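Below, each chain spelled out in residue letters.
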Amino acid sequence: LVSRKWKVNPTVIDFGDGLQVKEGELTLMAGPCSIENEEQVQKTIDHLVAQGVRFMRGGVFKPRSSPYSFRGLGLEGLKMFYELCRANGIKIVTEVMQVSQIAPMEPYTDVFQVGARNTQNFNLLDELGKVDKPVLLKRGISGTIDELLYSAEYIFSGGNEKLMLCERGIRTYETASRNTLDLNAIPILKEKTHLPVIVDPSHGIGIREYVEPMALAAIMAGADGIIYETHERPEEAASDGAQTLSFTESERMIRKMRRVFELK
Ligand code: PEP
Ligand code: MN
């Protein structure tokens, strides 16, 4: 069902207020790895509004490699994040880690993100297939493109057609970067599926200085949107600071991305 053979016209995801994610437009989603406090959220919103970015990302349930790392503010943090964004006309993108979180999160979530560690959590995918909210499905840490498409099929066939795919880098034998952003996946996915393809260069390369070139490359390769991490003071971020852009860097990158998008 997610194949271009089944449906030729690209899927458009409508958020109301004239806001759509679709082929032919460049959707930007930005924000911290983790939601930390009200001040951080408001400062990020101010940055996004000034840049014309309509989606803020941020996790309140964080999948951390170590159980001793910061694991997020939870549902209370989500409510604060959602209310501040709603007051400023921003839609939120936030990760759901398990089935039991879907119902409590739903009133405070605009886009459910499925993280790379959950791409093949088929129970979670089944349940998200029944939800009337858009889903951003990330590619698995060592997942193939076809596995990503089969995971998308779980959600789509369950009845939820508001689905976006996300290339976020895969684990390879390379150790110079956190992951290897698979630029190849972009034109391949664009040909295979009618779903929007969003690229995450922050997790894809994992090094702040290289996020911008990979974002620009992803746009030229055909990405419909870019999701990336930004924080007022990346050095102090509760998670993923090393790959997080300052607001100054974010602003500069947005300017370049818009120029590159015109060239595409
Ligand atoms: C994130 O977006 O902060 C995240 C944990 O992403 P991924 O699932 O791609 O690692
Ligand atoms: Mn992160």
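Residues numbered from 1 in each chain as written. Chains lettered and ligands numbered in written order. Predicted model: local features only at pLDDT ≥ 70, side-chain atom pairs only at ≥ 80, totals over all residues.

## Section: the overall build of the protein chain
- In terms of helices and strands, the protein chain carries nine helices and 10 strands.
- Its C-alpha radius of gyration of 17 Å places the protein chain within 12% of the 18 Å reference for a compact globule of 264 residues.
- For the protein chain, the spread of C-alpha atoms along the principal axes amounts to about 45 × 40 × 40 Å.
- Out of the 264 residues in the protein chain, the part that is buried amounts to 49%.
- At a minimum sequence separation of 6, the contacts of the protein chain that also span at least 24 residues come to 68%. (Helix = DSSP H or I, 4+ residues; strand = E, 2+ residues; numbered from the N terminus. Rg over C-alpha atoms; globule rule 2.2 N^0.38 Å. Buried ≥ 20, exposed ≤ 12 C-beta atoms within 10 Å, placed from the backbone. Contact = placed C-beta atoms within 7 Å.)

## Here's the deal with the packing of helix H1 (residues 38-51) against helix H2 (residues 74-87)
- One can describe the packing of H1 onto H2 by two numbers: an axis separation of 10 Å at closest approach and a directional angle of 30°. Regarding the angle of H1 to H2, the classification is roughly parallel. Seen along the crossing, H1 lies across H2 with a hand that is right-handed. Here H1 contributes Glu-38, Val-41, Gln-42 and Ile-45 to the contact with H2, which in turn contributes Met-80, Phe-81, Leu-84 and Cys-85.
- A class-by-class count of the residues in the contact of H1 with H2 yields six nonpolar, one polar and one charged. (Axes fitted to C-alpha atoms, helices over the stretch in contact; angles between N-to-C directions. Parallel < 35°, antiparallel > 145°, perpendicular 65-115°, else oblique. Left-handed = near helix turned anticlockwise from the far one by under 90°. Nonpolar A, V, L, I, M, F, W, Y, C, P; charged D, E, K, R; others polar.)

## Looking at the nonpolar core
- Core analysis: the largest hydrophobic core is formed by 68 residues, its most contacted members being Ala-152, Leu-165, Ile-198 and Ile-226.
- The element that contributes the greatest number of residues to this core is helix H5 (residues 145-157), accounting for six residues.
- Residues contacting Ile-226, with those up to four places away along its chain left out, are Leu-28, Ile-198, Val-199, Pro-201, Ala-215, Ala-218, Ile-219 and Met-257. (Core = buried A, V, L, I, M, F, W, Y, C linked by C-beta atoms within 7 Å.)

## Remarks on the UniProt feature "domain: DAHP synthetase I/KDSA" (unreviewed entry) in the protein chain
- Residues annotated by UniProt as "domain: DAHP synthetase I/KDSA" (unreviewed entry) correspond here to residues 23-262.
- Secondary structure content for residues 23-262 is 40% helix and 14% strand, while the C-alpha to C-alpha distance between its ends is 14 Å. (UniProt positions renumbered as here; feature names shortened; annotations may be inferred.)

## Observations concerning the site of ligand 1
- Taken together, Cys-33, Gly-59, Pro-63, Gly-115, Ala-116, Lys-138, Arg-168 and His-203 form the complete shell of residues around ligand 1.
- When grouped by side-chain class, the residues that make up the shell around ligand 1 number three nonpolar, three polar and two charged. (Near = placed C-beta within 6 Å.)

## Focus on unusual backbone geometry
- A positive phi angle, near 50°, is found at Asp-17, a position not held by glycine.
- Mapped onto the fold, Asp-17 is located in the loop between strand E1 (13-14) and strand E2 (20-21).
- Residues other than glycine seldom take positive phi values, yet Asp-240 does so here, at roughly 55°.

## Some thoughts on the environment of Lys-138
- Here Lys-138 lies in strand E7 (residues 135-138).
- Taking the C-alpha atoms as reference points, Lys-138 and Gln-113, separated by 25 residues in sequence, lie 7.4 Å from one another.
- When near neighbours in sequence (up to four residues on either side) are disregarded, Lys-138 contacts Gln-113, Val-114, Gly-115, Ala-116, Thr-119, Cys-166 and Arg-168.

## Description of the sheet that holds strand E6 (residues 111-114)
- Read once around its circumference, the closed barrel built from eight strands follows the order E3-E4-E5-E6-E7-E8-E9-E10, with strand pairing classed as parallel. On average, adjacent strands in this sheet sit at an angle of 25° to one another, irrespective of strand direction.
- The pairing of strand E3 (residues 27-31) with strand E4 (residues 55-57) spans two bridges and is parallel. From the neighbouring strand, Met-29 faces E4, where its bridge partner is Phe-55.
- Most of the contacts of helix H6 (residues 185-192) go to strand E9 (residues 197-199), to which it runs at about 165°, and overall it touches strand E8 (163-167) and E9. (Pairing = 2+ DSSP bridges.)

## Observations concerning the pairing of E3
- Within E3, five of the five residues are buried, leaving the element largely enclosed by the surrounding structure.
- Side chains of E3 alternate between two faces, with Thr-27, Met-29 and Gly-31 and Leu-28 and Ala-30 buried alike.
- Looking at chain direction, E3 and strand E10 (residues 225-229) are connected through five bridges and run parallel. The partner of Thr-27 across the bridge, within E10, is Gly-225.
- With respect to chirality, the unit in which E3 leads through H1 into the neighbouring parallel E4 is right-handed. (Right-handed = clockwise from strand over helix to strand, strands pointing away.)

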